[in-house]
Amino acid sequence: GTQTITWEGVSDNPTDTVDITYAADGINFNQVIALGVLFSDLSYDEWTTPVSDTTTARVQIMPSGFPILADSSGEFMIDNTPPITTATVDPLSPNGENGWYITTAPQISLSCLDNLSGCLNTFYSWNGLATTTYTVPFAAIEGQNTLFFYSEDQAVDALGAYNVETAQTQVIKVDTVPPTIRSY
């Protein structure tokens, strides 16, 4: 994804520029991100990372045309991979025929896994309607319904977007209301 690189400092000359380089190996800053960026801009947000997800990367900012006098590098994380959400239904096996829960509605727990930036929020909805932020296990609703669920992680790109998982679905069938028998 696109990353934003920011810096702080003071320059006496409004035309001062900086060069921004990248160390794919974390040591050798030999890959150019941008040359001649105005120092007064204090950020550069057009860099698409050249590597896949990793725990850390390093970027260095230095005055254009000058050797680096001090370490101006910073580590950051690259995370372009969405999280993975798992739904757990308890009890696992329905107690009625054809996959129906007939005694009580099952409880549903959602868990999110993201090994890079970590999970931010998990969401769910029934039948694709109103989305709810998941906080605690919840009971399935009566009838044959489709549970939609997904998560987003904590990585934010230059546009403010998070990595969001494609919604997963699971059909859950609940019929805890006994039939009514009428006699005529």
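Below you will find a few notes about this structure.

Calculation criteria
Residue indices begin from 1 for each chain and proceed along its sequence in written order. pLDDT decides what is reported in this predicted model: residues at 70 or higher carry local features, side-chain atom pairs at 80 or more are listed and counted, and totals for whole chains, interfaces and linings draw on all residues regardless. The side-chain quantities take in all heavy atoms of the structure and omit both hydrogens and water. Here a strand is any run of E in DSSP of at least two residues, a helix any run of H or I of at least four, and the numbering for each starts at the N terminus. Only protein chains enter the accessibility calculation, which uses a 1.4 Å probe; a residue is then buried when its area is under 20% of its type maximum, exposed when over 50%, and partly exposed in between. Grouping buried Ala, Val, Leu, Ile, Met, Phe, Trp, Tyr and Cys residues that are joined through side-chain atoms within 4.5 Å yields what is termed a nonpolar core. Here, residues are in contact when the closest pair of their heavy atoms is within 4.5 Å.

Here we look at unusual backbone geometry
Note the cis peptide between D90 and P91, where omega equals 5°. Mapped onto the elements, P91 comes out in the loop between strand 7 (84-90) and strand 8 (100-101). You will see that N98, though not glycine, has its phi angle at about 55°, which is positive. Tracing the backbone through its elements, the reader meets N98 in the loop between strand 7 and strand 8. One non-glycine residue, N127, lies in the positive phi region at around 60°. The exposure class of N127 is partly exposed, given its relative accessible area of 37%.

Details of the nonpolar core
Counting residues in hydrophobic clusters, the biggest one holds 14 residues, and the most contacted among them are I108, L110, Y124, W126, F138, L147 and I172. Of all the elements in the fold, those that place two or more residues in this core are strand 7, strand 9 (107-113), strand 10 (119-126), strand 13 (143-156) and strand 15 (168-174). Beyond its immediate stretch of four places on either side in the chain, L147 contacts I108, Y124, S125, W126, F138, Q168, T169, Q170 and I172. One finds V18, A34, V37 and F39 within the second-largest nonpolar core, a separate group that totals eleven residues.

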